[in-house]
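Listed below are the residues making up each chain.
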Amino acid sequence: MEVLTNHLADYQKSEKSNFWYYDPSRQVQESDCDSPVSFLSKRLEEEIRKAKRTHLSCGEVLLPCGLLQKVAEDVLEIAETELYGLKGCTLYLLYEGEEDCRRLSNFKIDPTTPSTFEIYLTFKQANAGWTFLPQFLKKITRGSTVVISTEYELTKKKLYILRK
């Protein structure tokens, strides 16, 4: 289980640390980070951290281990057949709770490349099986805790039509 706390880490690449940050002025290239999966999963984490404070209004977001890496792999697989690949993607993050579905964020993978398709990523709230959260964890969180399920939905929308 991964815990995204209220503390926003500065994802800056430096000689002393192995952390990365997203700089929208840079183009997405494999040499910019360990791999496209790593780049995308870190970017998703950053967007969830921002949404936690603004749209989810909670103290903690709990994610299953490896969920963001799996999502990143699936997004890359979808983008493989596209005109500009992953660079042409605009990604929309949604959260489906018990009562509503809300948009958390949206971003272009590469702001310098025209978007040729959109992917809607919907994270789902975990079922009632997560009510066993330890009491100490509930006490250290400020506000409520959002628990994300291992289930998610990816929907692709093309923004162009190929004609012969």
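Up top you'll find the structure we're talking about.
None of the values given here were measured: they were computed from a predicted structure.

**Section: the side chain of Thr-122**
- By secondary structure assignment, the location of Thr-122 is in strand E5 (residues 117–125).
- Note on Thr-122: relative accessible area 7%, which makes it buried.
- The contacts of Thr-122, once residues within four sequence positions are left out, are Leu-94, Glu-96, Cys-101, Tyr-152 and Glu-153.

**Regarding the environment of Tyr-92**
- Considering the arrangement of structural elements, one finds Tyr-92 in strand E3 (residues 89–96).
- For the pair formed by Tyr-92 and Asn-106, sequence separation is 14 residues and the distance between their alpha carbons is 4.2 Å.
- Excluding residues within four positions of it along the chain, Tyr-92 makes contact with Arg-103, Ser-105, Asn-106, Glu-118, Ile-119, Tyr-120 and Leu-121.
- A polar atom in the side chain of Tyr-92 sits 3.4 Å from the side chain of Glu-118.

**Here's the deal with the pairing of strand E6 (residues 145–158)**
- Pairing analysis gives three bridges linking strand E2 (residues 60–63) to E6, with the strands arranged parallel. Across the sheet, the residue bridging to Glu-60 is Thr-145, located in E6.

**Some thoughts on the nonpolar core**
- Of all hydrophobic cores here, the largest spans 29 residues; its most connected members are Leu-40, Leu-44, Val-61, Leu-91, Phe-123 and Ile-148.
- When contributions to this core are tallied by element, the ones reaching two or more residues are helix H1 (36–56), E2, helix H2 (67–79), E3, strand E4 (101–108), E5 and E6.
- The contacts of Leu-44, once residues within four sequence positions are left out, are Leu-68, Val-71, Leu-91, Leu-93, Phe-107 and Leu-121.

**Considering the packing of aromatic side chains**
- According to the stated counting rule, one finds one aromatic pair in the structure shown.
- Ring centres 4.7 Å apart and planes at 10 degrees place the aromatic pair Tyr-92 and Tyr-120 in the stacked group. Taken together, the residues Tyr-92 in strand E3 and Tyr-120 in strand E5 connect sequence positions 28 residues apart.
- Judged by its relative accessible area of 12%, Tyr-92 is buried.
- Its end group placed over the ring of Phe-107, Arg-43 keeps NZ or CZ at 4.0 Å from the ring centre.
- If you follow Lys-156 out to its NZ or CZ, it ends over the ring of Phe-117, 5.7 Å from the centre.

**Some details on the environment of Leu-159**
- Relative to the assigned elements, Leu-159 resides in the segment after E6.
- Counting along the chain gives 41 residues from Leu-159 to Glu-118, while the straight-line C-alpha distance between them is 7.3 Å.

**Let's talk about the pattern of salt bridges**
- Tallying each qualifying case throughout the model produces 11 salt bridges.
- For the salt bridge of Lys-50 with Glu-46, the shortest nitrogen-to-oxygen distance reads 3.6 Å. With a gap of four residues between them, Lys-50 and Glu-46 both fall in helix H1, about one helical turn apart.
- Residue classification places Lys-50 among the partly exposed positions, given a relative accessible area of 37%.
- We classify Glu-46 as buried; its relative accessible area is 16%.
- The closest approach of N and O atoms between Lys-156 and Glu-82, which form a salt bridge, is 2.5 Å. Of this pair, Lys-156 sits in strand E6 while Glu-82 sits in the loop between H2 and E3; the two residues are 74 residues apart in sequence, bridging distant segments of the chain.
- On the basis of relative accessible area, Glu-82 is assigned to the buried category, the value being 6%.

Reading the values: the criteria
Residues numbered from 1 in each chain as written. Predicted model: local features only at pLDDT ≥ 70, side-chain atom pairs only at ≥ 80, totals over all residues. Heavy atoms only, no water. Helix = DSSP H or I, 4+ residues; strand = E, 2+ residues; numbered from the N terminus. Buried < 20%, exposed > 50% of the residue type's maximum accessible area, 1.4 Å probe, protein only. Contact = heavy atoms within 4.5 Å. Polar contact = N/O pair within 3.5 Å; in protein donor to acceptor, adjacent residues only side chain to side chain. Pairing = 2+ DSSP bridges. Core = buried A, V, L, I, M, F, W, Y, C linked by side-chain atoms within 4.5 Å. Phe/Tyr/Trp six-rings, centres within 6.5 Å; stacked < 30°, edge-to-face > 60°. Lys NZ or Arg CZ within 6 Å of the ring centre and 35° of its normal. Salt bridge = Lys/Arg side-chain N within 4 Å of Asp/Glu carboxyl O.

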